[in-house]
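Understanding the architecture of this molecule
What follows is the residue order along each chain.
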Amino acid sequence: MQIRKATKKDIPIILEFMMDLRKLEKSMSKRNEASEKTRTFLEKTFIGKRIDNTDYVFLIGFEDEKPIGIAVGWKEFISPVYKNEYVGHVCDIIVGKEYRGKGYGKELTSALEHEFKKMGLKEMMLEVLIANKKSTEFWKSNGFEELYAQMRKDI
């Protein structure tokens, strides 16, 4: 797999991968959404306004010039009560269905980690939907450990 930084012309590729994940997460939780409003937000606000920001990383993995996965993350200030005030926040590592289980997710994760190290970061963090057992196991197998559980309640 070849991995490179994404550019503005790659926004449609990133958007499709991100929407596929949002649809999966919507099927697992009533709190998640994958509507046209979601698509517009991701395209115009999240990706569109951040793809050239040096605190954000957008990577695309290719196999024979076909996009097969993405890695997205950013430098995030978490708090001076932690050992590392800034961390690399992993937003998404997404590999197309037909390419899963072949090590591409691990390669994308390593590439994102490398970019975070170049930013001077020493720690990575992420959130994963508890119902997404495959993702939870993937992250554990890549050295991540559970630290907190995010909880919500309707009011």
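None of these values were measured; they are calculated from a predicted model.

**A closer look at the side chain of threonine 109**
Relative to the helices and strands, threonine 109 is located in helix H3 (residues 104-118). Under the relative-accessibility criterion, threonine 109 is labelled buried at 5%. Those residues within four positions of threonine 109 in sequence are excluded, and the remaining contacts are Ile93, Met124, Phe138 and Trp139.

**Looking at the environment of glutamate 107**
Looking at the secondary structure, you find glutamate 107 in helix H3. Residues glutamate 107 and phenylalanine 144, spaced 37 residues apart in sequence, show a C-alpha to C-alpha distance of 15 Å. Excluding its chain neighbours within four sequence positions, the residues that come into contact with glutamate 107 are Met1 and Ile3.

**Looking at the sheet that holds strand S3 (residues 66-77)**
One open sheet holds the five strands; their spatial order is S1-S2-S3-S4-S5, and the pairing between them is mixed. Looking at the sheet topology across the chains shown, the edges are occupied by strand S1 (2-5) and strand S5 (124-126). Here the strands of the sheet are splayed against their neighbours by 30 degrees on average, with no regard to which way each runs. Judged from the four bridges that link them, S1 and strand S2 (residues 56-63) form a sheet pairing that is antiparallel. Residue pairing across strands places isoleucine 3 opposite glycine 61, the latter belonging to S2.

**Some points on the nonpolar core**
Residues Ile14, Met18, Phe46, Ile47, Ile51, Phe58 and Ile70 are the most contacted members of the largest nonpolar core, which totals 21 residues. Methionine 18 has contacts with Leu42, Phe46, Ile47, Ile70, Cys91, Asp92 and Ile94, leaving out every residue within four places of it along the chain. Counting residues in hydrophobic clusters, the runner-up holds 18 residues, among them Ile68, Ile93, Val95 and Trp139.

**Notes on the pairing of S3**
Relative to S3, S2 runs antiparallel, the two sharing eight bridges. Paired with glutamate 63 across the two strands is lysine 66, which belongs to S3. Between S2 and S3, which follow one another and run antiparallel, lie two residues, and aspartate 64 among them has a positive phi close to 50 degrees. Looking at chain direction, S3 and strand S4 (residues 86-95) are connected through nine bridges and run antiparallel. Across the sheet, isoleucine 70 pairs through a bridge with isoleucine 94, a residue of S4.

So, how was this worked out
- Residues numbered from 1 in each chain as written.
- Predicted model: local features only at pLDDT ≥ 70, side-chain atom pairs only at ≥ 80, totals over all residues.
- Heavy atoms only, no water.
- Helix = DSSP H or I, 4+ residues; strand = E, 2+ residues; numbered from the N terminus.
- Buried < 20%, exposed > 50% of the residue type's maximum accessible area, 1.4 Å probe, protein only.
- Contact = heavy atoms within 4.5 Å.
- Pairing = 2+ DSSP bridges.
- Axes fitted to C-alpha atoms, helices over the stretch in contact; angles between N-to-C directions.
- Core = buried A, V, L, I, M, F, W, Y, C linked by side-chain atoms within 4.5 Å.

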